[in-house]
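Here are the chains, one letter per residue:
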Amino acid sequence: MSARQIRGRFVKFFQQRHNHEVVKSTSIRPRGDPSLHFVNAGMNQFKPIFLGTVEPNSPMGRLRRVVNSQKCVRAGGKHNDLTDVGRDSRHHTFFEMLGNWSFGDYFKAEACSMAWEFLTQELGLPKDRLYISYFGGDQQLELQPDAQTRDVWLQLGIPPSHLLPFGAKENFWEMGDVGPCGPCSEIHYDHVGARDASALVNADDRDVVEIWNLVFMQYSRELDSSLHPLPSHGVDCGMGLERLVAVMQGSRSTYDTDLFQPLLRAIEQEAMVRPYEGRENEDDAYRIDMAYRVVADHVRALTVCIADGVYPGMTGRELVLRQILRRAVRFAHEILHGPSGMLARLVPAVCENLGDVYPELVQEKEQVMEVIDSNEAAFLGSLAKGRRLIDRTVRALPPDAAFPAHVALSLQRGLGFPQDLVSLMLEEHGRHLEAVDTPPEGMAWKEEGSKENVSQPLNMHVLAELRRRAIPATTDDHKYACQRDGPASYRMDLYEAQVLALHKQDELVETVDVGKVCDVILDQTNFYANQGGQSGDKGLLLSSNQEVLAEVQDVKLCGGYVVHTVCTQQPLHTGVTLCLSVDMEWRFSCSIHHTATHLLSAALCSVIGPSSRQMGSLVAPQHLRFDVSIRRTLTGDQLQQLERVVCKTIQQNHMVHVRELPLEEALRLPRIQSLDMAYPDKVRVVGVGLPEAFLMSSGPLEDVAERGKNATPDDSSCISLELCCGTHVRQTGDIGDFCIVWERQLGKGVSRLQAVTGRKAQQARERGATLSDEVSSLRSRLAIPADTLNAALNLARDAGQLQRAVDQSEMPQWQRRDLQVQLKSLQRHANTVTHKLEHLLASKKAQDLLHHHIDSSVLVGAVDAENISVLVKTARKSCENVRKPALLFSTQPSGKVLLACYVPQESTEQLSALAWLSAVCEQMDGKASGTAVSARGILPTGVGDVFATALTYPGLQLLQSKVSK
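These figures come from a predicted structure and were not determined experimentally. (Residues numbered from 1 in each chain as written. Predicted model: local features only at pLDDT ≥ 70, side-chain atom pairs only at ≥ 80, totals over all residues. Heavy atoms only, no water.)

Caption draft 1: Structural context of the overall build of the protein chain. Tallying secondary structure elements over the protein chain gives 26 helices and 32 strands in all. Dimensions of the protein chain, computed from the C-alpha atoms along their principal axes, are close to 105 × 80 × 60 Å. The buried share of the protein chain, taken over its 965 residues, is 54%. Of the roughly 42,300 Å² of accessible surface on the protein chain, a fraction of 48% belongs to carbon and sulfur atoms. (Helix = DSSP H or I, 4+ residues; strand = E, 2+ residues; numbered from the N terminus. Buried < 20%, exposed > 50% of the residue type's maximum accessible area, 1.4 Å probe, protein only. Areas by Shrake-Rupley, 256 points an atom, 1.4 Å probe, with all protein chains shown as cover.)

Caption draft 2: Examining the pattern of salt bridges more closely. Per the stated rule, a full pass over the model turns up 44 salt bridges. Here Arg-468 and Glu-465 are joined by a salt bridge, their closest N and O atoms 2.6 Å apart. A residue pair is termed a helical-turn pair when its members lie 3 or 4 positions apart in one helix, as Arg-468 and Glu-465 do in helix H16 (residues 460-468) at 3 residues. Here Glu-906 ties to Arg-883 by a salt bridge, and the two come within 3.1 Å at their closest N and O atoms. One end of the pair, Glu-906, is in the loop between strand S30 (897-902) and helix H24 (913-921); the other, Arg-883, is in the loop between helix H23 (868-882) and strand S29 (886-891), and 23 residues separate them in sequence. One salt-bridge network, in which partners are shared between bridges, spans Arg-274, Glu-277, Arg-279, Asp-284 and Asp-289. (Salt bridge = Lys/Arg side-chain N within 4 Å of Asp/Glu carboxyl O.)

Caption draft 3: Quick look at the nonpolar core. Formed by 117 residues in total, the largest nonpolar core has its most connected members in Leu-119, Ile-211, Trp-212, Ile-267 and Phe-403. In this structure, Cys-482, Phe-527, Val-555 and Leu-572 belong to the second largest nonpolar core, which totals 54 residues. (Core = buried A, V, L, I, M, F, W, Y, C linked by side-chain atoms within 4.5 Å.)

Caption draft 4: How the structure looks around the sheet that holds strand S22 (residues 624-629). The strand order across the open sheet formed by 4 strands is S21-S22-S27-S26, and the pairing between neighbours is antiparallel. Strand pairing shows two members of the sheet lacking a second neighbour, strand S21 (613-619) and strand S26 (738-747), which therefore form its edges. With strand direction ignored, the average angle separating the axes of adjacent strands in the sheet is 20°. By the bridge criterion, 6 bridges tie S21 to S22 in an arrangement that is antiparallel. Of the residues in S22, the one forming a bridge with Gly-616 is Asp-627. Helix-sheet contacts for helix H17 (residues 584-607) involve S21, S22, S26 and strand S27 (750-757), and the interaxial angle to S22 is about 25°. (Pairing = 2+ DSSP bridges. Axes fitted to C-alpha atoms, helices over the stretch in contact; angles between N-to-C directions. Contact = heavy atoms within 4.5 Å.)

Caption draft 5: Geometry of helix H7 (residues 261-270). What H7 keeps buried is the set Leu-263, Leu-264, Ala-266, Ile-267 and Glu-270. Viewed along the axis of H7, the buried residues span an arc of 155°, placing them on a single side of the element. (Arc of directions from axis to C-beta.)

Caption draft 6: Just the packing of helix H13 (residues 365-396) against helix H14 (residues 405-415), in detail. Relative orientation of the contacting elements H13 and H14 amounts to 165°, with a least axis distance of 11 Å. Our classification of the angle between H13 and H14 gives roughly antiparallel. Regarding H13 and H14, the two cross each other, and that crossing is right-handed. Taking contact as the criterion, the partners of Phe-379, Ser-382, Lys-385, Gly-386, Leu-389, Ile-390 and Thr-393 in H13 are, on H14, Val-407, Ser-410, Leu-411 and Leu-415. Split by residue class, the contact of H13 with H14 holds 6 nonpolar, 4 polar and 1 charged. (Parallel < 35°, antiparallel > 145°, perpendicular 65-115°, else oblique. Left-handed = near helix turned anticlockwise from the far one by under 90°. Nonpolar A, V, L, I, M, F, W, Y, C, P; charged D, E, K, R; others polar.)

Caption draft 7: Quick look at the sheet that holds S30. Ordered by their spatial adjacency, 5 strands build an open sheet running S28-S29-S30-S32-S31, and the pairing between neighbours is mixed. At either end of the open sheet lies a strand with only one pairing partner, and these are strand S28 (859-862) and strand S31 (927-930). Here the average twist between neighbouring strands, direction ignored, is 15°. In this sheet, S29 lies alongside S28 in parallel orientation, the contact comprising 4 bridges. Bridged to Val-860 within S29 is Leu-887. Across the sheet, H24 is in contact with S28, S29, S30, S31 and strand S32 (934-939); its angle to S32 comes to roughly 10°.

Caption draft 8: Representation of the packing of aromatic side chains within the structure. Evaluated as defined, the whole model comprises 18 aromatic pairs. Seen in terms of ring centroids, Tyr-276 and Tyr-292 are 5.6 Å apart; in terms of plane orientation they differ by 65°. Their pairing is edge-to-face. One end of the pair, Tyr-276, is in the loop between H7 and helix H8 (288-307); the other, Tyr-292, is in helix H8, and 16 residues separate them in sequence. An aromatic cluster is present here, built from Phe-10, Phe-13, Phe-14, Phe-118 and Trp-212 joined pairwise through their rings. Directly above the aromatic system of Tyr-480 lies the positively charged group of Arg-684, at a separation of 3.4 Å from the ring centroid. We note Arg-816 situated over the ring of Trp-742; from NZ or CZ to the ring centre the distance is 3.8 Å. (Phe/Tyr/Trp six-rings, centres within 6.5 Å; stacked < 30°, edge-to-face > 60°. Lys NZ or Arg CZ within 6 Å of the ring centre and 35° of its normal.)

Caption draft 9: The arrangement of helix H1 (residues 3-17) in detail. If you check H1, its first and last C-alpha atoms are 21 Å apart, about what 15 residues at 1.5 Å a residue would give, namely 21 Å. Burial in H1 covers these residues: Ala-3, Ile-6, Arg-7, Phe-10, Val-11, Phe-13 and Phe-14. Down the axis of H1, the smallest arc covering the buried residues is 150°, so these residues share one side. Positioned one or two residues after H1, Asn-19 has a phi angle of 55°, which is positive. (Expected span 1.5 Å × (residues − 1).)

Caption draft 10: Spatial organisation of the side chain of Ser-89. Mapping Ser-89 onto the fold places it in the loop between strand S2 (65-73) and strand S3 (94-103). Classification of Ser-89 as buried rests on a relative accessible area of 1%. Of the polar contacts made by the side chain of Ser-89, one reaches the side chain of Glu-280; its length is 3.0 Å. (Polar contact = N/O pair within 3.5 Å; in protein donor to acceptor, adjacent residues only side chain to side chain.)

Caption draft 11: Geometry of the pairing of strand S4 (residues 130-135). Burial within S4 is extensive, with 6 of its 6 residues counted as buried. Note that S4 and strand S7 (residues 179-190) share 4 bridges and pair antiparallel. Following the sheet pairing, Tyr-131 is matched in S7 by His-188. As judged from the 4 bridges shared by S4 and strand S5 (residues 163-166), these two strands associate in the parallel manner.

Caption draft 12: Quick look at unusual backbone geometry. One non-glycine residue, Asn-281, lies in the positive phi region at around 55°. Mapped onto the fold, Asn-281 is located in the loop between H7 and H8. For Asn-281, a relative accessible area of 52% puts it in the exposed group. One non-glycine residue, Asp-925, lies in positive phi territory at about 55°. Tracing the backbone shows Asp-925 in the loop between H24 and S31. Since its relative accessible area comes to 70%, Asp-925 is described here as exposed.

Below is the structure:
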């Protein structure tokens, strides 16, 4: 069977024979889970179900039996196979996880039976080659052996010799440090057969491999490490497609399957070495086959990740992907001797192999190739420099000495070499990297993802208790019930609701005292909960006579409940009826920025083109933030054009239409924008610049947005059509104004835009105009030659201060870019003028000094210098003119004393400038820095006349001692 057939049979088996719903693979970027770099298991997208936080009536909340093939990457973080890739024929960074799940439906008996049926009947694997492991108990966890699973397998006919118990390390699976967990049962395959291979199970033997893991979620790990039974059992079964294909195609190596062979042949066409032979370890003397495997694996991972919007960068998952890419570049060019651009030319082979099941790879192929190509070119120069530095350092080391950690750190900081790449290159020299117990500051080799899980106000036990008490999910339809009284004038009437539950310190309570923070669950609410990138509402909970009972600080969704986090100002009780008062200034500001976000997204499509893709957003009262995938950095002209498009739509005061539609119908609309996220069965469609027909509740919608299908930046309206659960203004004119105030690169191909609206946008423009005038004034001042050093220093100082103001002020980003270019030129001109005047002054002061010390063997004296730069130049010129050591000092108006020391190069073996100056500074708590040739120092205020003594003793004493020798 081909890999495509095996994947298809798996999905079809569970879908048609066992009534599983097919759920497509999610993006490799975890949805709302900062604890992960990448999706690393098929169950990641279903964590809300296992954690009990999913809304019961949502599409995900209604899932009971599920099957899919999920894209996974294990690199960085807890599960990291990166350093093992290539060394053997089994490890991968990217792989596909075939999975079947039960959420409160079937359990151990059915899961085991289905797995056995699929392997032995559907695929026809020999039963005598299959070995089953199960949880054999753990005294430390105080858990008994999983006799239930053992008995299930025995009833299915598994011989006792093929049914093996193991401890918690092998057969107890945990989602994380806390959360759902449970015993698991693994199915292992013996490639040899006709023998008793039970002793080789879980022994890391290449001939006996695990192919399927059946996890039975029945416990919850708490913060105190205790285990408690889950309210509802679940099943999480995962099988690596690559290993299963190797078994079905009679190979011990996953690289010998049709998942990799086309790619390995493509590498062979590019490489300048022999074909792939599958050698490992000492049989692979020149690491050629290892390089084949690394490049093949890494190109697959790069293609999948970049197609899903993860680009090589400097933090988090982007940093890990950068590490993968640089590792691939190194093997492709130094071991396989491939030409420049080799990696990008392998991408079509990946797309052809996986594109039918993951169509996004084909859609983003050109973008993937461009990103890989540009990153490969950027690293090739650094690779050659790094190789030379490593070779030179190794040659200078004594035999068997470890490679210095500080050199590895310089490789990381200066050339972008990951630690594992340095270690790998050292292996080829028979060396190892020096161990560092506590790395110095900045020596963190990898940036791990945040260890903090997404904040959930209610844990699974509290949610289960709420449902046991039959407390219904919160009705929040009234969160959109906002009245527009006029331009930029909105109000919400007070809304009555009943307190159904109070939650405090992981417990449900009946009463909360004054001055306490707690969570309030109501039967209904008009507060907007944090979702869709928009901040949750703030406001007040009032009594029937308008007395303030609590201040609402945050609002979140959890398991179908809208959780209001409040600080009480009066005692709160369950069962009481309240009045809800939403902070309309906060809400209106969020609504303005959310509508403006939609306009910005539409403008990006018009200005940049359809290749731009939203990667994330934040809607807050103060500003909006928008992350967008683009092929090239936005120029100043493009930023200005984006503002013009959005502002034009604002000025035209378009109606903002909202319509609720079935998801399938909404996704058929032309130009509809949606994100990689789980949507409910019915969605809100928000449109701007659309015809009145959009407001109709019936009729065909296929032509609704046709007018904007070919929109350009010069069109009279900015067509926007998006799926969105957020709040919006009724008319675009209510936004007032729009200004992009910041733009920066998050990584190659991803830009983050920050914008403000209304009065803040106007203030940003005013600030930009003021700074532009100041830059023009500075240019006029610099056009007049400075006649004194102080005048030149003032100009240079003013240019620096203006540069900082431009860099830090909230102003139009396109204008900031322009002013930064101008200021860079002006600063350079001011510095040139300053340096010329400093040289002239230094020459004159040096001549005066030499006139008074013509017969001295050393030059020691006071100089009236404006700054340390003039003093250093004077010391150098004095020294160079007479080839004598010079130590000069200058008292400043602040009371501090500046010192500069210079020693001729030929005299440094007898006298070090730094040693001489340090001997002086140590006498008076001063500081010195520099080299044997040149040094500078500073003495604190209040030293008075004492420093003159220090210049003669021990400074001169030390000098004369050195000279006499």
